[in-house]
Amino acid sequence: MSLKARTFVLPFVLGSIFVSAFSTTGAQSEPERGGVRAIRWTAKADLPLPHRNGKAVSSGGKIYFMGGYCPATKEWCESSNYEYDPEKDSWTAKARIPVGRSNFALVSLDRKIFAVGGDPVLPNNDLYLPDEDRWAGLAPLSLPRQHIDGGLIGNQIYVVSGMGKDPDAPDGSERVALTPTVEIYDLAADRWAMGRPLPEARDGVQVAVVGGKLYAIGGGLGPNKGRSISAAFQRYDPGAKAWESLPDLPFPILGPGIAVIGEDIFVVGGLTEELGSSMASDKVCFFDVRRDRWAMASPLPKPIQFSGVAVLGDRIFVIGGCDQDFREYDSVYEGTFGPRSPHGRR
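Owing to the predicted nature of the structure, the values given are computational and were not obtained by experimental measurement.

Colleague: Would you take a moment to explain the overall build of the protein for this structure?
Modeller: On a plain count of helices and strands, the protein comes out with zero helices and 32 strands. Looking at the protein residue by residue over its 346 residues, the buried ones come to 57%. The contacts of the protein with a sequence gap of at least 6 include a subset with a gap of at least 24, amounting to 50%. When the accessible surface of the protein is summed, it comes to about 14400 Å², and 50% of that surface belongs to carbon and sulfur atoms.

As structure tokens, then:
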């Protein structure tokens, strides 16, 4: 059943402070001390079919949701490609990805969308041209990988960590292993180069770019790490070619959506751990790059993991995903922030 046009008001009680989702605090304001950043979540037109582990990106005022797993088709690595028009609040099927995939990197620049790697341990790097609704193949990854993410700095795409084929596996085995590998794709030269590896290999690390620097967020850990999900948060400076550790996330997270608005990095939903158990999360937190600190924002209307998240202007769109039991969603939520106050705050 469609939830189109329904709005969710999500109040909080923090100590003696009551904060509503209709508070005047929003995306460009400074974090409220002891409170949360208020986001108003509104349900929009559903995806044509439920999906999880797909990716979303915005380009030219529209949103594109691609790949993932769809229970209707029973394909783990879907080749679907849907375009969302926010003015019409409607979805349209577009040219399918040449090779179906999930858990891949999806990056856009100047009406070009790059779909890189993904399950099942793919090297593929494919270019989608929305204005022509067609695909073209580009230079593949040097190291085929899945459970990855990517970010754009200048004219280069950084693809971070993930899982590749286990070099110690016997011949014919499909066993995979974590890798800290970072590869950098030069758009002009159509060529990959190796970058400085992530300090600790993680599965499903999510990526954000702010101010020409790359941020690596959470992810899954290998065996014998004490827990299976990481709260690690690191920044890469391409000028210095060096990683630095930043304050950990407020909680461990795997498979969240990432949204960058101004100089704030929002971490939306995902799979988290509490008291030794893993669970889908409705939590939303954000990192204030200017102040190097984390704060909380209004939660999602429901726990969502492995969704696609995209940004249009200062609006966050959370698309598909699944619940604690991996039941897929077709839901779409738009997150908006309060109007700007006379004092220049939201």
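From this point, the discussion proceeds with the structure in view.
Colleague: Quick question: what am I supposed to make of the packing of aromatic side chains here?
Modeller: Pairs of aromatic rings are described using the distance from one ring centre to the other and the angle between the two planes. Enumeration over the complete set of coordinates arrives at 17 aromatic pairs. Measuring from ring centre to ring centre gives 4.9 Å for Tyr-185 and Trp-192, while their planes differ by 40 degrees; the resulting arrangement is tilted. Exposure class is identical for Tyr-185 and Trp-192. Each is buried. Here the aromatic cluster, defined as three or more aromatic residues joined through ring pairs, consists of Tyr-215, Phe-233, Phe-287 and Trp-294.

Colleague: Quick question: what am I supposed to make of the nonpolar core here?
Modeller: Within soluble globular proteins, side chains that are nonpolar generally end up buried alongside one another. One finds Ile-39, Trp-41, Phe-266, Val-284, Leu-300, Ile-316 and Val-318 to be the most contacted residues of the largest nonpolar core, which totals 20 residues. Looking at this core, the elements that each hand over two or more residues are strand E5 (40–43), strand E24 (257–261), strand E25 (264–268), strand E28 (284–288), strand E29 (293–297), strand E30 (308–312) and strand E31 (315–319). Of all hydrophobic cores here, the second largest spans 17 residues; its members include Ala-231, Phe-251, Val-289 and Trp-294.

Colleague: Whenever I open this one, the environment of Cys-285 confuses me. Can you help?
Modeller: If you trace the backbone, Cys-285 turns up in strand E28. Sequence spacing of Cys-285 and Met-296 is eleven residues, and the spatial spacing of their C-alpha atoms is 4.2 Å. If near-sequence neighbours (up to four positions away) are discounted, Cys-285 is found in contact with Leu-249, Pro-250, Phe-251, Ile-265, Phe-266, Val-267, Trp-294, Ala-295, Met-296 and Ala-297.

Colleague: I'm lost on the sheet that holds strand E6 (residues 55–59) in this one. Help?
Modeller: Paired through their backbone hydrogen bonds, the strands of a sheet run either parallel or antiparallel. Taken in spatial order, the four strands make up an open sheet running E6-E7-E8-E9, and their pairing is antiparallel. The two strands at the open ends of the sheet, each matched to only one other strand, are E6 and strand E9 (90–93). Within the sheet, the average angular offset between the axes of one strand and its neighbour, ignoring direction, is 25 degrees. Pairing of strand E8 (residues 81–85) with E9, which is carried by four bridges, proceeds in the antiparallel orientation. When the bridges of E9 are listed, Asp-85 appears paired with Ser-90.

Colleague: Which parts of the structure should I look at to understand unusual backbone geometry?
Modeller: The phi angle of most residues is negative, glycine excepted, and most peptide bonds adopt the trans form. Note the cis peptide between Asp-119 and Pro-120, where omega equals 5 degrees. Among the structural elements, Pro-120 can be located in the loop between strand E11 (112–116) and strand E12 (125–129). Phi at Asp-133 is positive, roughly 50 degrees, even though this residue is not glycine. With respect to the helices and strands, the residue Asp-133 is situated in the loop between E12 and strand E13 (134–137). Residue classification places Asp-133 among the partly exposed residues on the basis of a relative accessible area of 31%. Residues other than glycine seldom take positive phi values, yet Phe-326 does so here, at roughly 65 degrees. Structurally, the position occupied by Phe-326 is in the loop between E31 and strand E32 (332–336).

How each quantity is defined
Residues numbered from 1 in each chain as written. Predicted model: local features only at pLDDT ≥ 70, side-chain atom pairs only at ≥ 80, totals over all residues. Heavy atoms only, no water. Helix = DSSP H or I, 4+ residues; strand = E, 2+ residues; numbered from the N terminus. Buried < 20%, exposed > 50% of the residue type's maximum accessible area, 1.4 Å probe, protein only. Contact = heavy atoms within 4.5 Å. Areas by Shrake-Rupley, 256 points an atom, 1.4 Å probe, with all protein chains shown as cover. Phe/Tyr/Trp six-rings, centres within 6.5 Å; stacked < 30°, edge-to-face > 60°. Core = buried A, V, L, I, M, F, W, Y, C linked by side-chain atoms within 4.5 Å. Pairing = 2+ DSSP bridges. Axes fitted to C-alpha atoms, helices over the stretch in contact; angles between N-to-C directions.

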